[in-house]
Amino acid sequence: MTMQNSLLNILIINRIAKDLEEPGHKRHAVIKSLMQNKNINVDIVCSDIDYINNKKKSHTNQNLIRLKCLISGENIFLRFFSHIEFSLRVLFFNATRYTHIIGTSPDLFNAFSAFLLAKKYKSKFVLEIRDIWPLSIKELISLPLYPGYSLLQLIESILYKNSKLIISTLANFVDYLEHNNFGKLQDKVIHIPQLTLTPIAKHKKKLPIENIKLIYSGSLRKNNHLIKIIKFIDRLNKLGGIQFCLSIVGYGPEKKQLLSVLKNSDVEVKFFNPTKSGIKLRDLIAEHHLGIAYLKDSKIYSYGVSLNKAVDFHTALVPLIILNQGDNIQNDKRRAIIFCKENEEEFSSLAEDILRNKEQGKIKNEIQAYFNEKNSSTKYINQLIKQIRSC
């Protein structure tokens, strides 16, 4: 296997990729680490800008190849041109030695540049789907006139048809292909869920349940709906009975708006910045009863939900409750990830059921089983290596 694997030299191109020591967007760093354990060389090309806070990345390491970029900002047009800038810079990257080049969504401009780079250097092109552009732009951000929307549809088609392999984090992505006249391509799709190098906690300590501690982990941006989460918890607490508080782990441009909302709210909120040293995310999550997130109702979720942060809750043995508005998202049968309608009484009852019932041990075992199945890194990496080698 070592001899065969040594023939693989893989380049992953992802504008927002981060190293293992940085918060968030570590999927490709995890894949790199796991593949290097199999004697496969993997390089990751990304931007030198952190597009969450629109600042130059301060974390220095030798594990990422950072392209110097200039354009960033929250304005939709600046964000659009930041995609274009990085994609153009990718075209001038020297990819002579790579056997395979992976381009990854949601940024299809980024993925298209990876495709062109693969053609230039006669490498095999692999496409990764972590979010379905441009459908998610239209449905979730309500931008049907997003600059380049029609162009994205064309690029999407070109990438699907010309990739040697399609990696998807979405469990039902083949259904999307079938529904959009790409059904004949489904045989080259492999499902690789979110992975982690963090071991699962051996024990979940018991916490008092008179005041339920919720925790959100992720970027502080409008499309993560933290204001809706805070207002929902505020309504929850007005029901009386058990009270809920919230910890927020993340950074981003919406913090000022969140602080403004909190002035008129009775919700107790603590902020944690994951960029500061000393914060171990799994241990911090483990100090809370439940994780919380929010998803808008959209048919896009019927194709699967790529929950980047879910593995962090699994490793801490903490159930993750996701508020949602519709019926497109289906619950997993176990309690690792639980979808709950945006209804205060239903949520409160669900939380009490999880925390008070006599099946606490069973819930922990279900999360462990879910984690072991969904995050069996060795199994999935071996599958991926086999598919890449044969494509």
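What counts as what
Residues numbered from 1 in each chain as written. Predicted model: local features only at pLDDT ≥ 70, side-chain atom pairs only at ≥ 80, totals over all residues. Heavy atoms only, no water. Pairing = 2+ DSSP bridges. Helix = DSSP H or I, 4+ residues; strand = E, 2+ residues; numbered from the N terminus. Axes fitted to C-alpha atoms, helices over the stretch in contact; angles between N-to-C directions. Contact = heavy atoms within 4.5 Å. Phe/Tyr/Trp six-rings, centres within 6.5 Å; stacked < 30°, edge-to-face > 60°. Buried < 20%, exposed > 50% of the residue type's maximum accessible area, 1.4 Å probe, protein only. Lys NZ or Arg CZ within 6 Å of the ring centre and 35° of its normal.

Undergrad: Describe the sheet that holds strand 7 (residues 124-129), naming the residues involved and giving the relevant values.
TA: The strand order across the open sheet formed by seven strands is 5-2-1-6-7-8-9, and the pairing between neighbours is parallel. The open sheet terminates on both sides in strands that have one partner only, identified here as strand 5 (65-67) and strand 9 (189-191). The mean inter-strand angle of the sheet, taken between neighbouring strand axes irrespective of direction, is 25°. Summarising the sheet, strand 1 (residues 9-13) and strand 2 (residues 41-47) pair through five bridges and their orientation is parallel. Considered in strand 2, the bridge of N9 is made with N41. Here helix 2 (residues 27-36) sits on the sheet in contact with strand 1, strand 2, strand 6 (100-104), strand 7 and strand 8 (165-168), set at roughly 165° to strand 2.

Undergrad: Can you tell me about the packing of aromatic side chains, naming the residues and giving the values?
TA: Tallying each qualifying case throughout the model produces 10 aromatic pairs. On the basis of an interplanar angle of 65° and a centroid distance of 5.5 Å, the ring pair of F115 and F125 is categorised as edge-to-face. With a gap of 10 residues between them, F115 in helix 4 (residues 108-120) and F125 in strand 7 connect regions that are remote in the sequence. With relative accessibility at 4%, the residue F125 sits in the buried group. When the ring of Y160 is compared with that of F182, the centres are 5.0 Å apart and the planes differ by 80°; the resulting orientation is edge-to-face. Highlighted residues: Y160 in helix 6 (residues 149-162) and F182 in the loop between helix 7 (173-179) and strand 9, separated in sequence by 22 residues. Given a relative accessible area of 2%, Y160 falls into the buried group. Taking relative accessible area as the criterion, F182 reaches 10% and is therefore assigned buried. Among the aromatic side chains, those forming a connected cluster through ring pairs are Y160, F173, Y176, F182 and Y303. We note K255 situated over the ring of F271; from NZ or CZ to the ring centre the distance is 4.8 Å.

Undergrad: Could you give an account of unusual backbone geometry, naming the residues involved and the relevant values?
TA: Here the amide bond leading from S105 into P106 is cis, since omega sits at 20°, within 30 degrees of zero. Looking at the element boundaries, P106 is found in the loop between strand 6 and helix 4. The linkage connecting W133 with the following residue, P134, adopts the cis geometry, with an omega of 0°. In this fold, P134 is placed in the loop between strand 7 and helix 5 (135-140). One non-glycine residue, H225, adopts positive backbone phi at about 60°. Among the structural elements, H225 can be located in the loop between strand 10 (211-217) and helix 8 (226-237). Classification of H225 by relative accessible area gives buried; the value is 13%.

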